[in-house]
Amino acid sequence: MTESLKRKNAVLNAIVKLRPDPNRVAYLVPHYLTTDEFKATKPNYCELEEWESACYYVAGTIDNKAFDFTTNDKLDVIGKPMYSKTLKAILGSRYPRLIKSMIKAKIIIRTNDYSHGSENSHARMYVLGEKLLNNEPEFRPIKYPAIKKRLIRWKTDHWNKQRERLLKLGDLVYWAIHPGLQIDKKGALNSIDQIEALYHKKLAELPPGSKRDKLLKNLKYRLAHCKTVINNWEKFKIEKLKVDDAGRFYSILSNLPSPVRHFVKFQGERLVSIDIRNSQPLHAAIMLDKEFWITPKDRITIKTLLEKTEDLPSRKGTAMSATELSKMAKAGRQLIINLQKAKKTTDNQSVSFSFKEVVESGFLYEYLSNRYTANFKSVTREKFSKRAGSKRQLMIIFYGRSNGVKVDREVLVYFKSLFPDLAKVMEFLKQQHYKDFAFILQRLEAFLLLHTLCPRIAKYYRKLPYFTIHDSIITFKSARTLVENLLVKVYQPYLHFKIKYKLEKMGMLDYWLTVGEYVESKIFIGFGEVRKKVPSTGRRLKKRPSFENIDNLITAAVNNMWDFNYLPFEYQIGPQQWSYQPLNTQQREGQQAV
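Residues numbered from 1 in each chain as written. Predicted model: local features only at pLDDT ≥ 70, side-chain atom pairs only at ≥ 80, totals over all residues. Heavy atoms only, no water.

**So, the sheet that holds strand S14 (residues 467-469)**
Two pairing modes exist for strands in a sheet, parallel and antiparallel, and in both the strands are linked by backbone hydrogen bonds. One open sheet holds the four strands; their spatial order is S14-S15-S13-S16, and the pairing between them is antiparallel. Looking at the sheet topology across the chains shown, the edges are occupied by S14 and strand S16 (501-505). Taken over all neighbouring pairs, the strand axes of this sheet differ in orientation by 25° on average, direction set aside. Relative to strand S15 (residues 472-476), strand S13 (residues 271-276) runs antiparallel, the two sharing five bridges. Bridge assignment links Ile274 to a residue of S15, and that residue is Ile473. The strands that helix H21 (residues 480-495) touches are S13, S15 and S16; relative to S13, the one it contacts most, it runs at about 20°. (Pairing = 2+ DSSP bridges. Helix = DSSP H or I, 4+ residues; strand = E, 2+ residues; numbered from the N terminus. Axes fitted to C-alpha atoms, helices over the stretch in contact; angles between N-to-C directions. Contact = heavy atoms within 4.5 Å.)

**Overview of a positive patch on the surface**
There is a patch of like positive charges on the surface, built from Arg222, Lys391, Lys502 and Lys522. For Lys522, the location among the structural elements is in helix H22 (residues 508-526). (Patch = residues over 30% accessible without salt bridge, like charges linked within 9 Å, V, L, I, M, F, W, Y side chains within 5 Å. Areas by Shrake-Rupley, 256 points an atom, 1.4 Å probe, with all protein chains shown as cover. Salt bridge = Lys/Arg side-chain N within 4 Å of Asp/Glu carboxyl O. Lys, Arg positive; Asp, Glu negative; His and termini not counted. Charge placed at Lys NZ, Arg CZ, Asp CG, Glu CD.)

**Describing the packing of aromatic side chains**
Following the criterion strictly, the structure yields 18 aromatic pairs and no others. Look at Phe266 and Phe467: their rings are 6.0 Å apart centre to centre, the planes differ by 50°, and that puts the pair in the tilted class. Of this pair, Phe266 sits in strand S12 (residues 264-266) while Phe467 sits in strand S14; the two residues are 201 residues apart in sequence, bridging distant segments of the chain. Looking at Phe266, the relative accessible area reads 3%, which means it is buried. A centroid spacing of 6.1 Å and a plane angle of 80° characterise the contact between Phe353 and Tyr367, whose relative ring orientation is edge-to-face. On the criterion of sequence distance, the pair formed by Phe353 in the loop between helix H13 (322-345) and helix H14 (355-361) and Tyr367 in helix H15 (residues 364-375) is long-range, its members being 14 residues apart. Of the two residues, Phe353 and Tyr367, both sit in the buried class. Taken together, the aromatic side chains of Tyr174, Trp175, Phe266, Phe467 and Phe476 make up a single cluster linked through ring pairs. For Arg24, the ring lying beneath its charged end belongs to Phe139, and the centroid distance is 5.5 Å. Over the face of the ring belonging to Tyr250 we find Lys242, whose NZ or CZ atom lies 5.8 Å from the ring centre. (Phe/Tyr/Trp six-rings, centres within 6.5 Å; stacked < 30°, edge-to-face > 60°. Buried < 20%, exposed > 50% of the residue type's maximum accessible area, 1.4 Å probe, protein only. Lys NZ or Arg CZ within 6 Å of the ring centre and 35° of its normal.)

Here it is, written out as structure tokens:
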């Protein structure tokens, strides 16, 4: 059997394991209610078996996100959202009455709703009621034929969609489930305990309140989930495989915090992570090129991203026609042309750098931190006092509404004054639905990394293992320059400048260098800057941005006077198993033509 056939069979077997078993549909429920208890709480409009199956499904779905399977400890979470579309597909048209009856019977409790950005867009949150608390979970089958049939159909439709998406990423799936991908379980579990201790130490410096309590609850769930993944490593290699609607690939590595990934090795050899700097803004800069809105055969454009797709948030399951795509592309191209003409004639001196120039420098988040802290004296200044805060606020702008809902109004207005070109493109793509812009960003990232870069790695270096976590590539240290060269060649035609990337080694020493920064950034995003206690004057210590001369750094970077990339790498012979051989002259010419 050839190697290609072995890989194909391994991927197919893994995908088959994700398929739901039609003969066994069960949910993990923390307590088995007796038949008498079900009879006592059953509403008059349904049968006993229907009521029992509906309760098991709802309780099992809620508890799946609220239970630590490693220690059998109940987690104190805020709630689990239950979406009406899913409930109707499984429980049937009278699902609202069933939910109300469960609340009345104290099987579940409704908590605060989760808003998606407007008053009419929210999901209802639920937790388990007192009848199901503090009990060990057991698997309980769904017996009612109608609910079981709908559940199997719903899961099978989801599996068919995942099957089609995963097969397109065959090599990436193969390496994600490879038995050589291992983790030091003892070291990883110890690291989670250390992260938890650092979290509690930092949170102790914060004033008590709802924000701190929320952070503690989310922390407890997140770390317990990581322990479950680590203890069941081989099992979750397959179960964590997923491709979302935007095309982003999720594997077991995506479910680990970045410090814990330092304990992952492949066949005993250390790995490195090549992370694209300013990834989301980098892909947004591609949209400012008019060639992105036309249809050359050798380029990824708005048409190739959206054709034959029904996943665009504004479409709601309806595919976009060729005519609609053409109109959208023409309107976008004309918008870019008008913006370029306006830029040549404007005398506005407040915009010192264009968005593309700042992204090219690799200092976008530092630039935002410097500008906002220099021009604001309110809470807005504190939000941008660190790089992590600037990154968080920019993602809120990208993923939020253009009208300012869920986005700080003064932050949005000032951002539009800094980068008017990008603001116009964002408003154009968000006019149908505010999630469309972020969706196209993610799809563009997935096409360039997963569907352009990864096939080239598989073609030229067949035996080289590689893994992706959204905007980063993980591979052997000795293969770093090979992947970097391909990465630059993939993005060069779209950006016309050499992209910046960050190399992160994965090992015990590197873990200790990054874990503190990781914890501080997460706390800063969730709460804000940690205030240090000072004497009774009541004055608070504030940290200034670390890049005071940011304008000089950006100018130097754009003029190629500052090289952020690492020095040329000399190949080192190590215990790698992929048998690297230097390319001959003919192979090098072929690689340059990629």
